[in-house]
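Fold and geometry: a report
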Amino acid sequence: MHDARVLVVDDSAAMRALFSDILDQAKNVQVVGAASNAADARDQIAELKPNVITLDVEMPGMSGIEFLEEIMGSNPLPVVMLSSLTQAGTETSLKAFELGAVECFPKPLKATPEQFAKTVGKLGKIVLAAANSNVKDRKHMQRVHVDAGAVFEWNGRIAAFSASMGGIDALTTILSAFPQNCPPTVVCLQAEPMLVETFIKRLDTDLKCSVRAAKDGAALTQGTIHIAADPERHVVVEAGQPPKVRLMQRDPVEGARPSANLLFGSIARGAIPSVGAVLTGMGADGAKGLKLMRDSGFDTYVQDRKTALVAETPEAVIALDAAQREVALDAIGAAVLGSCNQS
């Protein structure tokens, strides 16, 4: 892993100073420059050669979104978008993911000292992971669309996914393969809750099946995807006919909440017929839980390192031999559906 060399781009002098200060405190992160607009940033990119950029969404002249599109179209660099997470902000953030942003991070407005300290550590880790991401080598995958004539006959297995950094883009691609009568599906997603709320609404509109925010006690039945992203509660699966989603308040597990290890572990220990898949992400959450599933005889997959935007979590899965197969982004949906299909 190499260090992050960051260019901070924001039209506000106060915000440039704030984020430069935050990142200067982060381990293995160096702020090499700060720019007030796209033209200034363009010159500094050529001169300073940063390996990651933090970019304000709202800037006079060329907006952050417009500049992001230019960067990704000419000389792709890892970009972390910074914005206030209003309703309009979440829609813009989803657009940023579509254009190739690695992550969208909320500006710490009116933060307490404790919240600010937490922001320092989190943003530093995100920027470092972004600097080591696969943006330059990444090929935009075609979204898989279900053949209207294809027949899916459910064999009783539940589908369980986990994802963090890069997960919104990956899930958009993967879940687009799911038919109206898809297997009951649970997703553990590490992302900003307001952003996930807008993401769920968009998926529910665009996909053939239903997409819902995970609710405690929800029955896992065909045709519905449950996405859990509440940073205050873990998600597990409770055995039964049908199995149920359970949300529980307890301490983070190895720094993660909701914890993918806890989700996959509950499936393995409950002997609930399932298939598990770990997608792009930062850190190792999900690797140990997926190993429990594999050791219990379940089908397990991991997104391959070439198509994972951030390969840290897939690498942890592979190191534990927790997945039967590494699968490219454009094939994971089909692989999971295949494990849940009668034929």
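As shown above, the structure is provided for reference.
This report concerns the structure included in the present document. None of these values were measured; they are calculated from a predicted model.

Reading the values: the criteria
- Residues numbered from 1 in each chain as written.
- Predicted model: local features only at pLDDT ≥ 70, side-chain atom pairs only at ≥ 80, totals over all residues.
- Heavy atoms only, no water.
- Axes fitted to C-alpha atoms, helices over the stretch in contact; angles between N-to-C directions.
- Helix = DSSP H or I, 4+ residues; strand = E, 2+ residues; numbered from the N terminus.
- Parallel < 35°, antiparallel > 145°, perpendicular 65-115°, else oblique.
- Left-handed = near helix turned anticlockwise from the far one by under 90°.
- Contact = heavy atoms within 4.5 Å.
- Nonpolar A, V, L, I, M, F, W, Y, C, P; charged D, E, K, R; others polar.
- Buried < 20%, exposed > 50% of the residue type's maximum accessible area, 1.4 Å probe, protein only.
- Polar contact = N/O pair within 3.5 Å; in protein donor to acceptor, adjacent residues only side chain to side chain.
- Arc of directions from axis to C-beta.
- Right-handed = clockwise from strand over helix to strand, strands pointing away.
- Pairing = 2+ DSSP bridges.

Our next topic: the packing of helix 8 (residues 260–269) against helix 9 (residues 287–295). Between helix 8 and helix 9, whose axes approach to 7 Å, the crossing angle comes to 15°. The pairing of helix 8 with helix 9 is recorded here as roughly parallel in orientation. Here helix 8 and helix 9 pass one another in a crossing that is left-handed. On the side of helix 8, the interface is formed by Asn261, Phe264, Gly265, Ile267, Ala268 and Arg269, while helix 9 contributes Ala287, Lys288, Gly289, Leu290, Leu292 and Met293. Looking at side-chain class alone, the contact of helix 8 with helix 9 contains seven nonpolar, three polar and two charged residues.

Next up on the list: the packing of helix 6 (residues 167–175) against helix 11 (residues 329–339). Two elements in contact, helix 6 and helix 11, have axes separated by 8 Å at closest approach and are oriented at 50°. With respect to helix 11, the axis of helix 6 lies oblique. Considering the relative orientation of helix 6 and helix 11, their crossing is right-handed. In contact with Ala170, Thr173 and Ile174 of helix 6, helix 11 contributes Leu329, Ile332 and Gly333. Across the contact of helix 6 with helix 11, the residue classes break down as four nonpolar, two polar and no charged.

Tracing the sequence through the fold places Asp56 in strand 3 (residues 52–56). A relative accessible area of 4% means that Asp56 is categorised as buried. Of the polar contacts made by the side chain of Asp56, one reaches the backbone nitrogen of Glu58; its length is 3.5 Å. Not counting residues within four places of it along the chain, the set of residues in contact with Asp56 comprises Val9, Asp10, Asp11, Gly64, Met81, Leu82 and Lys107.

Among the residues of helix 9, those classed as buried are Ala287, Gly289, Leu290 and Met293. Along helix 9, the residues classed as buried sweep out an arc of 160° about the axis, all on the same side. Where helix 9 is buried, its residues meet helix 8, strand 12 (274–278), strand 13 (299–303) and helix 10 (312–319).

Okay, the pairing of strand 4 (residues 79–83) next. Among the five residues in strand 4, five count as buried, and that is most of the element. With burial as the criterion, each face of strand 4 is covered, one bearing Val79, Met81 and Ser83 and the other bearing Val80 and Leu82. The handedness of the strand 3 to strand 4 crossover, carried by helix 3 (residues 64–74), is right-handed. In this sheet, strand 5 (residues 103–106) lies alongside strand 4 in parallel orientation, the contact comprising four bridges.

Another aspect to go through is the sheet that holds strand 13. Spatial ordering of the open sheet is given by 8-9-7-6-12-13-14, a layout of seven strands whose pairing is parallel. Edge strands, defined here as strands with exactly one partner in the open sheet, are strand 8 (210–213) and strand 14 (325–327). With direction set aside, neighbouring strand axes in the sheet form an average angle of 20°. Where strand 6 (residues 158–163) lies against strand 7 (residues 185–189), five bridges are found, and the strand directions are parallel. Looking across to strand 7, one finds that Ser162 is bridged to Cys188. Contacts from helix 8 reach strand 6, strand 7 and strand 12, with the element oriented near 160° to strand 6. Here helix 9 sits on the sheet and contacts strand 12 and strand 13; the angle it forms with strand 12, its principal contact strand, is near 145°.

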